[in-house]
Amino acid sequence: MTSLRWEPREEPTKQEQMLLKTVRRTKKLFGFLRMHRRALFDDEFQDELASVYRQSGAGRAAHPPAFMAMVVLLQAYTKSSDAEAVQHCIVDLRWQMVLDCLGATEPVFSQGALHNFRHRLIEHDLDRRLLERTTALAKETKAFDAKKLPKTIRVAADSKPLQGAGRVEDTLNLLGRAARDVVGCVAALTGKEPDTVATEAGIPLLLASSTKVALDTDWTDPKRKAQALDKLMRQLRNLFSYIQSQLPEEASQPPLRDPLDTLQQIIDQDLEPDPDDSKGKRVRVRRGVAKDRRISVSDPDMRHGRKSRSKAFNGFKQHVLVDVDRKLVLACAVVGANRREHEAMPALREDLGRYEVTVGEVLVDRGYTTIEFAQVASRNGWTVLSKPRQMPPNGGRFTKRDFVFKLRDRTVTCPAGQTQGFVLGEQIRFDLDECNACQLKKRCTRSERGRVLSISDDELEQQRFLRLVKSKAGREKLRNRIPVEHRLAHLKQKQGDQARYVGERANLFDLRRTAAVLNLEAIHRELAEAA
């Protein structure tokens with residue numbers, strides 16, 4: 001049986017000593033990985049990595065998983081593709097030094113082996129374990145002086161946009177691309193050419209280079225645009241009928257079912273019945289945007305999103321949870337760009353729960369603060385620190401921030417001195433007669449029914465956050481979240497703005513391995529400063 005244990009030499013050779021000197025000023029992580037590779041991939045972790053491989057002795061011998069995991073880290077560190085990683089193992093002595101293959105003149109592994117290993121990591125969530133091992137290495141190397149750190153850790157969460165790798169298209173091109181995938185799958189099942197299938201199925205529009213080229217109309221004319229869509233839909237119905245008559249069984253199972261479902265999904269989300277058609281046969285492009293609209297055929301997880309009112313993007317949001325004192329990334333999450341920040345928090349909390357640590361403070365952006373998160377924080381004894389949610393301007397009149405809340409008494413007092421009790425999640429209506437007689441009414445409300453305040457479910461937390469930003473000590477506490485912003489900036493520097501892979505899970509893998517590299521750099525930096 002082939003051993004799956006990676007056992008590189010520990011003592012540097014003369015050539016390695018020379019190489020270690022060359023990486024003292026630039027690309028320092030090569031030297032750190034060379035000297036700490038056995039500690040990072042200890043026996044227990046190597047056994048865990050090896051458990052995803054069959055031990056029957058059949059088939060081709062696998063590369064040691066720890067060796068391939070090191071390749072994955074080097075890829076993230078040097079921003080290398082699979083093909084470039086294979087080349088680096090031949091032409092880059094630094095790669096050879098770290099991978100213990102100095103003198104290699106032929107590829108040490110193939111692109112296929114690296115691709116397969118990556119999918120094994122993803123399938124068994126071992127990319128998360130790789131990130132966890134970097135935090136364990138920080139403890140084992142004593143990179144951080146425990147005497148100078150608080151007994152409970154402080155963590156901060158934040159996010160950044162990631163442009164998806166899939167092509168984003170309008171409705172007509174989405175329909176055409178999805179139909180091409182269906183035709184291509186039918187061609188593979190029947191052994192025919194795609195053009196032949198398109199002709200037989202009665203959808204000759206797919207013979208052109210693109211759907212809009214085939215339709216060739218004046219897209220600024222609403223009437224002609226509607227006629228073009230009607231023509232495309234007639235041919236799509238021909239395609240559905242052809243499949244039902246020629247491949248009825250294959251249509252309900254993979255591989256044909258998947259592209260058919262994609263085509264139907266785009267029809268359902270982007271089109272609606274035309275109200276001007278009395279017969280109810282025609283459709284038009286949907287007015288407004290469907291909830292959770294799919295924007296790419298090639299990447300089903302990409303979504304439209306906004307980082308701010310002025311900045312839109314297509315793809316994903318990357319979330320990280322950082323230990324602000326050690327500057328280590330503890331947890332990562334990737335969600336569609338249309339998802340709100342708080343929707344990523346359950347995944348971050350799950351990963352955080354895998355560490356044997358006691359959390360004291362949680363510093364988050366206001367988007368993460370919800371009543372559910374406040375309840376979780378209360379159960380776990382966490383102190384949540386955040387800015388309060390922004391208040392609408394209210395036309396220059398008094399906003400909720402001008403009212404005085406007494407949280408212990410559950411009362412709120414208006415600027416004129418009128419006091420009312422409040423209930424979380426409900427509205428307060430101040431006394432009508434007092435409001436109408438109040439000299440401050442014009443600065444408060446235009447309503448003849450008196451001033452109304454909406455009390456949110458997490459109003460107690462929001463008022464506490466408001467007091468934080470109003471005090472110097474509170475603002476100083478909020479600035480402790482700066483390390484998570486630095487981590488995101490470093491992630492952007494290493495990854496760029498464009499996703500390397502398709503889908504949420506593959507991009508989560510890329511985020512975790514890049515975060516692992518950032519952690520290793522932080523450990524190396526601390527050890528170097530202490531030396």
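Refer to the preceding data block for the structure.
Below is a short write-up of the structure. (Residues numbered from 1 in each chain as written. Predicted model: local features only at pLDDT ≥ 70, side-chain atom pairs only at ≥ 80, totals over all residues. Heavy atoms only, no water.)

Considering the overall build of the protein chain
Per the secondary structure count, the protein chain includes 20 helices and 13 strands. A principal-axis box enclosing the C-alpha atoms of the protein chain has dimensions of 90 × 75 × 40 Å. The buried share of the protein chain, taken over its 531 residues, is 46%. Within the protein chain, contacts between residues at least 6 apart in sequence are counted, and of these 66% link residues at least 24 apart. Total accessible area on the protein chain stands at roughly 27800 Å², and carbon and sulfur atoms take up 47% of it. (Helix = DSSP H or I, 4+ residues; strand = E, 2+ residues; numbered from the N terminus. Buried < 20%, exposed > 50% of the residue type's maximum accessible area, 1.4 Å probe, protein only. Contact = heavy atoms within 4.5 Å. Areas by Shrake-Rupley, 256 points an atom, 1.4 Å probe, with all protein chains shown as cover.)

Some details on helix α14 (residues 345–352)
In an α-helix, one turn spans 3.6 residues, which is why side chains three or four residues apart end up on the same side. When α14 is considered as a whole, its buried residues turn out to be Met345, Leu348, Asp351 and Leu352. Projection of α14 onto a plane perpendicular to its axis shows the buried side chains occupying an angular sector of 125°, all on one side. (Arc of directions from axis to C-beta.)

Observations concerning helix α10 (residues 194–201)
For α10, the complete set of buried residues consists of Val197, Ala198 and Ala201. For α10, the angular spread of the buried residues around the axis is 100°, confining them to a single face. Contacts from the buried residues of α10 go to α9 (171–190) and α12 (222–246).

Overview of the nonpolar core
Counting 104 residues, the largest nonpolar core has Phe41, Met70, Leu73, Leu99, Phe109 and Val320 as its most contacted members. Counting residues in hydrophobic clusters, the runner-up holds 34 residues, among them Leu174, Leu205, Leu247 and Ala251. (Core = buried A, V, L, I, M, F, W, Y, C linked by side-chain atoms within 4.5 Å.)

Some words on the pattern of salt bridges
For the structure on display, the rule yields 42 salt bridges. Put simply, Asp270 and Arg293 hold a salt bridge, and the shortest N to O gap is 2.8 Å. Of this pair, Asp270 sits in helix α13 (residues 257–270) while Arg293 sits in the loop between β3 (283–285) and β4 (303–306), placing them 23 residues apart in sequence. Exposure class is identical for Asp270 and Arg293. Each is buried. The shortest N-O distance in the salt bridge between Lys317 and Glu341 comes to 3.5 Å. Placement of Lys317 in strand β5 (residues 312–323) and of Glu341 in the loop between β6 (328–336) and α14 is noted, with a sequence separation of 24 residues between them. The burial state of Lys317 is the same as that of Glu341; both residues are buried. Where salt bridges share partners, they join Asp125, Asp127, Arg128, Asp351, Arg505 and Arg512 into one cluster. (Salt bridge = Lys/Arg side-chain N within 4 Å of Asp/Glu carboxyl O.)

Overview of the pairing of β6
A large share of β6 lies buried, amounting to nine of its nine residues. In terms of strand pairing, β5 meets β6 through eight bridges, oriented antiparallel. The residue of β6 that forms the bridge with His319 is Ala333. Remark: four residues form the turn of the hairpin made by β5 and β6, two consecutive strands paired antiparallel; Lys327 in that turn has positive phi of roughly 60°. (Pairing = 2+ DSSP bridges.)

Quick notes on the sheet that holds strand β11 (residues 419–421)
Read from one edge of the open sheet, three strands run β9-β10-β11, paired in antiparallel fashion. Looking at strand neighbours, the two that pair on one side only are β9 (404–406) and β11, the edges of this open sheet. Along the sheet, successive strands turn relative to each other by an average axial angle of 20°, direction set aside. Bridge analysis of strand β10 (residues 411–413) against β11 gives three bridges, and the strand direction is antiparallel. Its bridge partner being in β11, Thr411 is matched across the sheet by Gly421. (Axes fitted to C-alpha atoms, helices over the stretch in contact; angles between N-to-C directions.)

Considerations on the side chain of Glu16
Examined against the element boundaries, Glu16 turns out to sit in helix α1 (residues 14–22). When its relative accessible area of 0% is taken as the criterion, Glu16 is described as buried. Here the side chain of Glu16 touches Arg34 through a polar contact of 3.1 Å, side chain to side chain. Every residue in contact with Glu16, bar those within four places of it in the chain, is listed here: Arg9, Glu11, Arg34, Arg37, Met97, Asp100 and Leu102. (Polar contact = N/O pair within 3.5 Å; in protein donor to acceptor, adjacent residues only side chain to side chain.)

Here we look at the pairing of β4
Side chains Arg303 and Gly305 project from β4 onto a buried face, and the interleaved His304 and Arg306 project onto a face without burial. Judged from the four bridges that link them, β4 and β5 form a sheet pairing that is antiparallel. Note that in β5 the partner of Arg303 across the bridge is Gly315. Linkage of β4 to β5, two consecutive antiparallel strands, is achieved through a turn of five residues.

Examining the environment of Leu19
Along the chain, the position of Leu19 falls in helix α1. By relative accessible area, which is 6% here, Leu19 ends up buried. Sequence separation between Leu19 and Lys441 is 422 residues, and the spatial gap between their C-alpha atoms is 77 Å. Once residues lying within four places of it in the same chain are set aside, the contact partners of Leu19 are Leu93, Met97 and Leu102.

A few points about empty space enclosed by the protein
This structure, assessed with the given rule, holds one cavity of 30 Å³ or more. Within this model, the largest cavity holds a volume of roughly 40 Å³. For the largest cavity, the full set of lining residues is Thr369, Thr370, Phe373, Ala374, Val384, Asp458, Glu461 and Phe465. Secondary structure elements with two or more residues in the lining of the largest cavity: α15 (371–380) and α17 (459–470). Class assignment for the residues of the lining of the largest cavity results in four nonpolar, two polar and two charged. (1 Å grid on protein atoms, 1.4 Å probe; cavity = no way out; pocket = protein on both sides within 12 Å on 5 of 7 lines; lining within 4 Å. Points joined across faces, edges and corners; volume = space filled by probe spheres on them. Nonpolar A, V, L, I, M, F, W, Y, C, P; charged D, E, K, R; others polar.)

Considerations on the state of the cysteines
Tallied over the full model, the rule gives zero disulfides. You can see Cys101 has no disulfide; the closest cysteine sulfur is in Cys89, sitting 5.2 Å from it. Taking relative accessible area as the criterion, Cys101 reaches 12% and is therefore assigned buried. Its sulfur unpaired, Cys414 is 6.1 Å from the next cysteine sulfur, which belongs to Cys438. Taking the relative accessible area as the measure of exposure, Cys414 reaches 13% and is therefore buried. (Disulfide = S-S within 2.5 Å.)

Brief notes about the environment of Asn507
With respect to the secondary-structure elements, Asn507 resides in helix α20 (residues 504–530). Each C-alpha atom, one on Asn507 and one on Phe117, is 15 Å from the other, the two residues being 390 residues apart in sequence. Not counting chain neighbours up to four residues away, the residues in contact with Asn507 comprise Leu162, Phe316, Val334, Ala499, Arg500, Tyr501 and Val502. A distance of 2.8 Å separates a polar atom in the side chain of Asn507 from the backbone oxygen of Gly503.

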